[in-house]
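# Structural characterization, general
Here's the letter readout for the chains.
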Amino acid sequence: MTTAETYVTAAYCVVFAGVLVYVVLIALKLQRLEREVDELERAAHKAAEDERETVGVG
Amino acid sequence: MRVVSRLYRVPLPALAVASLVLMMVALTLVFYVAPNDANQGFSQRIFYFHVPIAFTAYACFAAGAWKALRHLWKRDPLADLESYVAVHQGVIFGTLVLLTGSIWAKISWGHWWLWGEDELVLFLVLFLFYCAYFMLRFSVDPGPQRANLSAVYALFGVVLIPVSFLAIRIAKSFVHPEVFTLHGPNFGGWILVTYCVAQAALLLFAHTLYRVELTGKRLDARLRELRFA
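Throughout what follows, the structure given in this document is the object of discussion. (Residues numbered from 1 in each chain as written. Chains lettered and ligands numbered in written order. Predicted model: local features only at pLDDT ≥ 70, side-chain atom pairs only at ≥ 80, totals over all residues.)

### A look at the overall build of chain B
Formally: Here a helix means four or more residues in a row that DSSP labels H or I, a strand means two or more in a row labelled E, and each is numbered from the N terminus. Buried means a residue has 20 or more other C-beta atoms within 10 Å of its own C-beta, exposed means 12 or fewer, and partly exposed covers the counts in between; C-beta atoms are placed from the backbone. We call two residues in contact when their backbone-placed C-beta atoms lie within 7 Å.
Secondary structure assignment for chain B yields eight helices and two strands. Listed N to C, the secondary structure of chain B is α-α-α-α-α-α-α-β-β-α in terms of helices and strands. Expressed as a percentage of the 229 residues in chain B, the buried residues total 36%. Considering only intrachain contacts with a sequence separation of at least 6, the fraction spanning at least 24 residues in chain B is 76%.

Following this line, the structure appears as structure tokens:
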């Protein structure tokens, strides 16, 4: 590989790596959002169950 | 503007596939079709991504300023987040411009960076200006004040775009090549075709990333509202 080819490859790899890092960060953010949705879902289920129990006792 | 508003109606997966296809076509043209440059030889191929990435960064900053203006003028409730995401994209593409430019400078001029070059320094100033946008934004609590301050800052930054772009033309001594003149581009044939395809690919790719990030941010905001409801 010539020096020019090495530098061109490096430049394109930098672009690729930059995009890859960005995609990883977005993926991590989406994972966090998924966890938050799960938590909210659990909280909603718990609230619904508590409400049913209260109605049953009353 | 119509083209941009039509792009918003295209579903995200279709947009992602289109940008991937266009990117593959661009890379094929860069490495298999475009001829070697007479002066710089093979290393000139960095140009096909370096220059489109620079214009994409300018486009992102301009879009950020446009959305900031919409926030201040029309009080569009979605504009603040859109402006923030566009500036964020601009900073990402700006980082890539500086990195690819440095590599190209090393092989062409023998230096990673030249402080005497107005074009380089002004782009760095523009880049650092928009980096400071995040410091300002996250130093203020979420709310109308944060949105207004961020919008004003993003609008000020747009003034630096023509300065950065024209610096190369107003500089008396320069090593940075001037590829676009008042009479059009300084190249033709397959070089021009490859450049145009690469530019279209990068713009579409940036728009796809913008839509992905914006969807995530909106989801985040809605979840936060639900949590505090």
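Now that the structure is up, let's keep going.
### Quick look at the overall build of chain A
Test applied: Throughout, the radius of gyration refers to the C-alpha atoms, and the reference size of a globule is 2.2 Å times the residue count to the power 0.38.
Within chain A, the secondary structure is distributed over one helix and zero strands. Scaling as 2.2 N^0.38, a compact globule of 58 residues should have a C-alpha radius of gyration of about 10 Å, whereas chain A reaches 25 Å, well beyond that. For the C-alpha atoms alone, the extent of chain A along its principal axes is close to 85 × 10 × 5 Å. With 58 residues in all, chain A has 3% of them scored as buried.

### As for the interface of chain B and chain A
The accessible area lost on association of the parts is a frequent measure of interface size. Defined as follows: Under this grouping Gly is polar, as are all residues other than the nonpolar Ala, Val, Leu, Ile, Met, Phe, Trp, Tyr, Cys and Pro and the charged Asp, Glu, Lys and Arg.
Counting residues at the interface gives 24 residues for chain B, matched by 19 residues for chain A. Tallied by class, residues from the side of chain B that touches chain A come to 14 nonpolar, five polar and five charged.

### Focus on the environment of Ala54 of chain B
Residues and elements named next belong to chain B. Within the secondary structure, Ala54 is located in helix α3 (residues 47-74). Judged by the 22 C-beta atoms lying within 10 Å of it, Ala54 is buried. For the pair Ala54 and Leu20, spaced 34 residues apart in sequence, the C-alpha to C-alpha distance is 19 Å.

### Remarks on the packing of helix α2 (residues 12-33) of chain B against helix α8 (residues 189-227) of chain B
Residues and elements named next belong to chain B. Put simply, the test is: Note on geometry: axes are lines fitted to C-alpha atoms, helical ones only across the stretch in contact, with angles between N-to-C directions running from 0 to 180 degrees. For classification, angles of less than 35 degrees are called roughly parallel, those exceeding 145 degrees roughly antiparallel, those between 65 and 115 degrees roughly perpendicular, and all remaining angles oblique. Crossing handedness follows the turn of the near helix against the far one: under a right angle anticlockwise gives a left-handed crossing, and clockwise gives a right-handed one.
Two elements in contact, α2 and α8, have axes separated by 8 Å at closest approach and are oriented at 150°. Of the possible angle classes, the one that applies to α2 and α8 is roughly antiparallel. Pair α2 / α8 crosses with left-handed handedness.

### Focus: the nonpolar core
Going by this rule: We define a nonpolar core as a collection of buried residues of the types Ala, Val, Leu, Ile, Met, Phe, Trp, Tyr and Cys that are connected via C-beta atoms lying within 7 Å of each other.
Counting residues in each nonpolar core, the largest one holds 53 residues, and the members touching the most others are Ile53, Ala57, Cys60, Phe93 and Ala198 of chain B. At the level of secondary structure, the elements contributing two or more residues to this core comprise α1 (3-57) of chain A together with α2, α3, α4 (79-109), α5 (118-139), α6 (144-157) and α8 of chain B. Counting residues per element, this core draws most heavily on α3 of chain B, at 14 residues. Leaving out residues up to four positions away in the same chain, Phe93 of chain B has contacts with Ile53, Thr56, Ala57, Cys60 and Ala206 of chain B.

### Describing the environment of Tyr153 of chain B
Residues and elements named next belong to chain B. For Tyr153, the position within the fold is in helix α6. Residue Tyr153 is classed as buried on the basis of its C-beta count, with 20 C-beta atoms lying within 10 Å. Along the chain, Tyr153 and Ala68 lie 85 residues apart, while their C-alpha atoms are 8.7 Å from each other. Setting aside residues no more than four positions away along its own chain, Tyr153 makes contact with Tyr133 and Leu136.

### What to know about α3 of chain B
Residues and elements named next belong to chain B. Definition in use: What a helix is expected to span follows from its residue count: subtract one and scale by 1.5 Å.
A rise of 1.5 Å per residue sets the reference length of α3, with its 28 residues, at 40 Å; its end C-alpha atoms lie 39 Å apart and thus fit the reference within 8%. The buried fraction of α3 amounts to 20 of the 28 residues, a majority that puts the element mostly inside the structure. Taken from the residues just after α3, Arg75 is the one with a positive phi, measuring 55°.

### Side note on the packing of α3 of chain B against α8 of chain B
Residue and element names in this part refer to chain B. Between α3 and α8, the least distance of the axes is 9 Å, while the angle of their chain directions is 40°. The orientation of α3 relative to α8 falls into the category oblique. The way α3 lies across α8 gives a crossing that is right-handed. Contacts between α3 and α8 involve Tyr48, Phe49, Val51, Pro52, Ile53, Phe55, Thr56, Ala59 and Cys60 from the first element and Thr194, Tyr195, Ala198, Gln199, Leu202, Leu203 and Ala206 from the second.

### Considering unusual backbone geometry
Residue and element names in this part refer to chain B. If you check the backbone angles, Arg75 has positive phi at about 55° while not being a glycine. Within the secondary structure layout, Arg75 lies in the loop between α3 and α4. With 11 C-beta atoms counted inside 10 Å, the residue Arg75 sits in the exposed group.

### Re α2 of chain B
Residue and element names in this part refer to chain B. Where we set the bar: Here, the arc refers to the directions that run from the helix axis to the C-beta atoms.
With 22 residues, α2 should reach 32 Å at 1.5 Å per residue; the first-to-last C-alpha distance of 30 Å fits that figure. All of the buried residues in α2 are Leu15, Ser19, Ala26, Leu29 and Val30. On an axial view of α2, the arc spanned by its buried residues comes to 95°, and they lie on one face. The exposed set on the far side of α2, more than 90 degrees from its buried face, consists of Pro13, Ala14, Val17, Val21, Met24 and Tyr32. On its buried side, α2 packs onto α3 and α8.

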